[in-house]
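Structural characterization, general
Okay, here's what each chain looks like letter by letter:
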Amino acid sequence: MSKRKIVTEPNPILRKKSDILETVNDETRKLLDDMLETMYAAPGIGLAGVQIGILKQLIVIDISKEPEKKNPLYLINPQITFKSKKTSTYEEGCLSLPGHFAEVERPTECIVKFIDYYGKKKEIKADGILSTCIQHEIDHLNGVLFIDYLSKLKKNMIIKKLIKQKKLADKIIL
Ligand code: K2U
Ligand code: ZN
């Protein structure tokens, strides 16, 4: 397993749609393993393939709180088949928009069908932070970021700050 560099906004790849994965094999599992290691190290509770520059429909999630009780979820080619009318609001962040958080309202429950780590078809019903995380990550596969749900003013303020952060980081590296 190896940690990958996380793509940060502004970066046009974060606005691209990820492609369906045709086959699940050892190469796929190595990628998922790297994504999971990258997510734990960030730290985060979810990560989409596009966030390490891979435009394939791959997601890893682990909402377990204790490090000794890891419970990773691998979603390949996920599709949401149900969203509840009831909504919940969570303060969201994103590893691709470091240091910025905002409240986002999303359906409380969702049902998602997907292919798992071994290539088997699965379907789960999620609520709470897991439901929010699944929706946040599937947004990534469609080139959508959580700031897209904010007012134009708030969204542009965050983007301006991220541009400044990136210029500063580039100066430090150079
Ligand atoms: O996509 C990502 O960058 C991973 C997010 C996923 C996430 C954001 C908001 C709400 C649920 C999931 C990261 O895990 S950001 C770190 C984080 C962790 C827990 C709660 C909020 C943010
Ligand atoms: Zn994110």
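Rules used in this analysis
- Residues numbered from 1 in each chain as written.
- Chains lettered and ligands numbered in written order.
- Predicted model: local features only at pLDDT ≥ 70, side-chain atom pairs only at ≥ 80, totals over all residues.
- Heavy atoms only, no water.
- Pairing = 2+ DSSP bridges.
- Helix = DSSP H or I, 4+ residues; strand = E, 2+ residues; numbered from the N terminus.
- Axes fitted to C-alpha atoms, helices over the stretch in contact; angles between N-to-C directions.
- Contact = heavy atoms within 4.5 Å.
- Salt bridge = Lys/Arg side-chain N within 4 Å of Asp/Glu carboxyl O.
- Buried < 20%, exposed > 50% of the residue type's maximum accessible area, 1.4 Å probe, protein only.

Another aspect to go through is the sheet that holds strand 3 (residues 73-83). Strand order in the open sheet formed by five strands is 1-2-3-6-7, with antiparallel pairing between adjacent strands. Only two strands of the sheet have a single neighbouring strand rather than two, namely strand 1 (46-48) and strand 7 (121-126). Put simply, the sheet's adjacent strands are angled 40° from each other on average, direction ignored. Bridge count for strand 2 (residues 58-61) against strand 3 is four bridges, and the pairing is antiparallel. Looking across to strand 3, one finds that Val-60 is bridged to Tyr-74. Strands in contact with helix 1 (residues 26-41) are strand 1, strand 2 and strand 3; relative to strand 2, the strand with the most contacts, it is inclined by about 45°. Those strands touched by helix 2 (residues 128-141) are strand 1, strand 2, strand 3, strand 6 (110-115) and strand 7, and its axis lies near 155° from that of strand 2.

Moving on, we get to the pattern of salt bridges. Scanning all chains against the criterion turns up 10 salt bridges. The residue Lys-155 makes a salt bridge to Asp-148 at a minimum N-O spacing of 3.1 Å. Take Asp-148: its relative accessible area is 26%, and that puts it in the partly exposed class.

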